[in-house]
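Examining the three-dimensional arrangement
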Amino acid sequence: MTARWMPAGADWIAGLSIAGLLLPEAVAYSGIAGAPPQAGVIALFAGLLVYGLLGTSRFAIVSSTSSSAAVLLAATGSVLHVSADHRALMGVAMVLVAGVMFVLAGLLRLGGISQFIAKPVLRGFAIGLALTIVVKQLPLAVGVHPAHSDFLHFSRDLIALLPHWNWYGLTMLVVALLALRVLARWRVVPGALLVIAAGIALDALGFCRSWGIAPVGSLQLGAAHLALPELDWADWLRVGQLAVALALILYAESYSSIRSLALRHGDGVNSNRDLLALGGANMASALFQGLPVGAGFSASSANEVAGAQTKAAGLIACAVVAVLVWQLLPWMERIPEPLLAAIVIHAVAHSLNWRTLQPYFIWQRDRAVALTAFAAVIALGVLDGLLLAMVVSIVMLLKRMAQSHVSELGRLVGSHDFVDRQRHPEAQPVPGLLILRPEESLFFGNAEAVMSDIRARVAQAADVHAVVLSLEESPDLDSTGIEALGELARQLQQAGVLLRLARVKDSLRELLQRVQMPGLNPDCYSAWSVDDAVQTLTAHFHQVPGGATQPASSI
């Protein structure tokens, strides 16, 4: 099913429901990014409108998200020795460049980049990020200002300032969280909007002032204007470097939400078109000094649960938010800060779930990657933690691929199937043949080691006249792999040992035809299966008694 345009009756209900959630969240996420409150509202309009017109998912709600806001704050915070205004300008430029990256990736049809960050990395990162966000929202409620920004020192400062906490603000935070949790049972009820309305009423009646609770302050939407950031070339280079991390986390989060909701309902997705839509939304937001936007899972799921049937639900929500801002802007400026903190904590609470890491411990896979991602965010901060976790993920992948195991295959009795003899002792070797299979795709990191292993096995084996090499795990070869395979073929040819390749994919077959290396003529890779290669060699040795002309030990 593809996204439709004509609104159904349920779309009006969904649009009204999620508008009450999105507007308070937009203001709250501005605080996470260290941006003025209107930045989140501008991003909300840009995301809902542009993705609603260009995107493919009928459920995705594109707006500012807690993770992208935290990454933006970390990225701008890494820019030192500049004024606050200049740092804010570079933040806007990062959002713009991230949008340009999305558009270029969509035009180049690079939708698969969402898989660049492994899920264990994302889940460990999400838990660490959620914990960081929760802790950093507490000062809004208790009215203190820790001196440090990194998580560990920030937490220590927060505890040290305990005697100065505003307990009225903390009480308001706790009550608001309980109310949001109760109201969340009825997804069509705009719980966040109701909590905000109660908070505004308390402020209007003078209670917040007497309790020492500050409001959010001025929402200067009129200050937003169409403009490109004016930066030096060196600043743009720095912006480009930081925007890569922002773009990766935005798209990984967005595509995960879009894909999971599409699979749940049997909808089709077009990742390249969504890249263009997300790029356009971020560029539009940046041109009006807004936050980065993505398809957050909580808002998109809320749209689904509220009963959305078409993309019109998001556009209806955009219109409702516009009416609310138009009519209620002066009242929104009176939202108590503890309530914004409660909305943020409630929104990220679903990420504080250690059970999402449980499968990695049961499967005994990628535990270190997930825990490294979590620990890196806590110890190094959001941006450096994400980058370190990605590096660890890639290094472990390369390590596993570089240590490729070569299996020796044997035939299962009474069949044409060849399996690993070490795992299946009942499999029988074929006399005179050594049948091998690298268990990882061959590339520059492991090709030489694999070929050396094969040569050593041939040299140690007795009475080997031919080698069958199954390349089912290698759909293609790089230059190092081609040269290593060619050198193996040459040495086997000198030793009088035939080489036959099996399970060669079409792309690799075409490559070998172009290469035309000695010992790698078309007869060497004509067999489509291991059984075909074995039968061809067996027939050949029956016709030519004596097998190899030189002992294999000379290799």
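Look up: the structure comes first, before these words.
Below is a summary of the structure that appears in this document. Since this is a predicted model, take the numbers as computed values, not measurements.

1. Here we look at helix α4 (residues 84-107)
With 24 residues, α4 should cover 34 Å at 1.5 Å per step; its first-to-last C-alpha distance of 35 Å lies within 8% of that length. Just downstream of α4, R109 is the residue with a positive phi angle, here 60 degrees.

2. Concerning the pairing of strand β6 (residues 466-470)
Among the five residues in β6, five count as buried, and that is most of the element. The sheet contact formed by strand β5 (residues 433-438) and β6 spans four bridges and is parallel. Bridging from a neighbouring strand, I435 pairs with V468 of β6. The parallel pair β5 and β6 is bridged by helix α18 (residues 447-460), and the resulting crossover is right-handed. Pairing geometry for β6 and strand β7 (residues 498-502), over five bridges, is parallel. If you follow V468 over to β7, its bridge partner there is R500. Handedness of the crossover joining β6 and β7 through helix α19 (residues 479-494) is recorded here as right-handed.

3. Considerations on the side chain of D157
Its location among the elements puts D157 in helix α6 (residues 151-160). A polar contact of 3.3 Å, which involves the side chain of D157, links it to the backbone nitrogen of A147. When neighbours within four sequence positions are excluded, D157 is seen to be in contact with P146, A147 and H148.

4. Some thoughts on the pattern of salt bridges
Proximity of charged atoms lets side chains of opposite charge pair with each other. Taken as a whole and judged by the stated rule, the model has 11 salt bridges. Between E439 and R437 there is a salt bridge whose closest N-O contact spans 3.0 Å. On the basis of relative accessibility, which here comes to 25%, the residue E439 falls in the partly exposed class. With a shortest N-O distance of 3.9 Å, E472 and R437 are connected by a salt bridge. Of this pair, E472 sits in the loop between β6 and α19 while R437 sits in strand β5; the two residues are 35 residues apart in sequence, bridging distant segments of the chain. Residue R437 is classed as buried on the basis of its relative accessible area, which comes to 14%. Residues participating in the shared-partner salt-bridge network are R437, E439, E472 and R503.

5. So, the sheet that holds β7
Spatially, the five strands line up as an open sheet ordered β4-β3-β5-β6-β7, and their pairing is mixed. At either margin of the open sheet sits one strand with a lone partner, and together these are β4 (418-420) and β7. Pairs of neighbouring strands in the sheet enclose a mean axial angle of 35 degrees, with direction left out of account. The sheet contact formed by strand β3 (residues 406-411) and β4 spans three bridges and is antiparallel. Residue pairing in the sheet places L409 in a bridge with D420 of β4. The strands touched by α18 are β3, β5 and β6; relative to β3, the strand with the most contacts, the crossing angle is about 50 degrees.

6. Brief notes about the packing of aromatic side chains
According to the stated counting rule, one finds eight aromatic pairs in the structure shown. Seen from their ring centres, W165 and W167 are 5.6 Å apart, and the 45 degrees between their planes marks the pair as tilted. Look at W167 and you get partly exposed, because its relative accessible area is 47%. Between F443 and F444, the ring centres sit 5.0 Å apart and the planes meet at 70 degrees, which makes this aromatic pair edge-to-face.

7. Looking at the nonpolar core
When a protein is soluble and globular, its nonpolar side chains tend to lie buried together. Ranked by internal contacts, the top residues of the largest apolar core, which has 117 residues, are L22, M94 and F125. The dominant element in this core, judged by the number of residues it contributes, is helix α10 (residues 233-265), at 13 residues.

8. Some details on the packing of α4 against helix α11 (residues 271-287)
The angle between the axes and the distance between the axes are what describe a pair of packed helices. The N-to-C vectors of α4 and α11 enclose an angle of 160 degrees; their axes lie 7 Å apart at closest approach. By the angle class used here, α4 and α11 are roughly antiparallel. Between α4 and α11 the crossing geometry is left-handed. Residues V92, V95, L96, G99, V100, F102, V103, A105, G106 and L107 of α4 lie in contact with α11, whose contacting residues are N272, L275, L276, L278, G279, G280, N282, M283, A286 and L287. Looking at the contact of α4 with α11 residue by residue, the classes come out as 14 nonpolar, six polar and no charged.

What counts as what
Residues numbered from 1 in each chain as written. Predicted model: local features only at pLDDT ≥ 70, side-chain atom pairs only at ≥ 80, totals over all residues. Heavy atoms only, no water. Helix = DSSP H or I, 4+ residues; strand = E, 2+ residues; numbered from the N terminus. Expected span 1.5 Å × (residues − 1). Buried < 20%, exposed > 50% of the residue type's maximum accessible area, 1.4 Å probe, protein only. Pairing = 2+ DSSP bridges. Right-handed = clockwise from strand over helix to strand, strands pointing away. Polar contact = N/O pair within 3.5 Å; in protein donor to acceptor, adjacent residues only side chain to side chain. Contact = heavy atoms within 4.5 Å. Salt bridge = Lys/Arg side-chain N within 4 Å of Asp/Glu carboxyl O. Axes fitted to C-alpha atoms, helices over the stretch in contact; angles between N-to-C directions. Phe/Tyr/Trp six-rings, centres within 6.5 Å; stacked < 30°, edge-to-face > 60°. Core = buried A, V, L, I, M, F, W, Y, C linked by side-chain atoms within 4.5 Å. Parallel < 35°, antiparallel > 145°, perpendicular 65-115°, else oblique. Left-handed = near helix turned anticlockwise from the far one by under 90°. Nonpolar A, V, L, I, M, F, W, Y, C, P; charged D, E, K, R; others polar.

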